[in-house]
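Examination of the molecular architecture
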Amino acid sequence: MRVEIVKDYGKLSRKAARFVAGLVEINPQVAMGLPTGSTPLGLYEELVDIHQEDDLDFSYVKIFDLDEYVGLSRDHSRSYYNYLQENFVKKVNLKSRNTYFLDGKAPDKKEECKKYEEKILKAGGLDLVILGIGRNGHIGFNEPAEELLARTHQVELASQTIEANARFFESEDEVPQEALTMGIGTILNADQVLLIANGNSKAPAIERLFSGKISTKFPASLLHTHPAVTVMIDQEAAERI
């Protein structure tokens, strides 16, 4: 696991964007798993700038969203489909045929998850998965548990996750209780993993990530079993390591 510590969120976003842009330049058909939330917003802004200013070509890139809230339609303002469309997809030259999203309104969630895994396999697997990290160590929406599911599945969100995500909704009561998420096995099967984190609120999680212990009770710790993980964090997130 390679760790890179930068001064602040702006530098983190730029460095992460250069990392991703480099992979796209090397492999124009790269397949990526993409996160949502506040942390990657700067990364997407920087990638859009590189696309506009340096003609970075996304026309053959494939993207897969990491997760989606159960019960939210794609046109809901807080759906992760809408998040990625508004913050990234519509601002670069990605082709719709190369963008894949979980459907939180699918009538058969198990079948939806199965089909999603099939789409990833058909794409040749994921070359890169970009992750944030939850305060409880969740990656994607793989929450702490005695056992974790390997493949894309439906999950009940932890109360801590619901509380943390309430800032994106009018109230905590509006936050969906469940989500669909790529499984730990799907994430670990990617050729490379990039985890980004910023701010002192993530410092305890980063401290635990580097505690030397691996446990399903802290899902991000399983990244230590992957041979090609890069962790990029700002100084505030790194203050305890």
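Above this text sits the structure in question.
In this report, the structure presented in the accompanying data block is examined. (Residues numbered from 1 in each chain as written. Predicted model: local features only at pLDDT ≥ 70, side-chain atom pairs only at ≥ 80, totals over all residues. Heavy atoms only, no water.)

**Structural notes on the overall build of the protein chain**
Counting secondary structure elements, the protein chain contains 7 helices and 10 strands. A compact globule built from 241 residues should have a C-alpha radius of gyration of about 18 Å, and the protein chain, at 17 Å, falls within 12% of that. Put simply, the protein chain has 241 residues, and 53% of those count as buried. Partitioning the intrachain contacts of the protein chain with sequence separation of at least 6 by distance along the chain shows that 80% fall at a separation of at least 24. Total accessible area on the protein chain is roughly 11,300 Å²; 44% of this is exposed by carbon and sulfur atoms. (Helix = DSSP H or I, 4+ residues; strand = E, 2+ residues; numbered from the N terminus. Rg over C-alpha atoms; globule rule 2.2 N^0.38 Å. Buried < 20%, exposed > 50% of the residue type's maximum accessible area, 1.4 Å probe, protein only. Contact = heavy atoms within 4.5 Å. Areas by Shrake-Rupley, 256 points an atom, 1.4 Å probe, with all protein chains shown as cover.)

**A short note on the sheet that holds strand β8 (residues 178-181)**
In spatial order, the strands read β4-β8-β7; together these 3 strands make up an open sheet with antiparallel pairing. Taken across any chain shown, the strands that pair with only one partner, and hence form the sheet edges, are β4 (67-69) and β7 (153-156). Each strand axis lies, on average, 25° off the axis of its neighbour in the sheet, ignoring direction. Where β7 meets β8, 4 bridges bridge the pair, whose relative direction is antiparallel. Across the sheet, the residue bridging to His-153 is Thr-181, located in β8. (Pairing = 2+ DSSP bridges. Axes fitted to C-alpha atoms, helices over the stretch in contact; angles between N-to-C directions.)

**Observations concerning unusual backbone geometry**
Backbone geometry at Asp-55 places phi at a positive 60°, although glycine is not the residue there. By the element assignment, Asp-55 lies in the loop between α2 (41-54) and β3 (62-65). Exposure remark for Asp-55: the relative accessible area of 64% places this residue in the exposed category.

**A word on the sheet that holds strand β9 (residues 192-197)**
On the basis of which strands lie adjacent, the open sheet formed by 7 strands has the order β1-β10-β9-β6-β2-β3-β5 and parallel pairing. Looking along the sheet, the strands with just one partner apiece sit at the ends: β1 (2-6) and β5 (99-100). As paired elements, strand β2 (residues 31-34) and β3 share 4 bridges and run parallel to each other. By the bridge assignment, Leu-34 is partnered in β3 with Asp-65.

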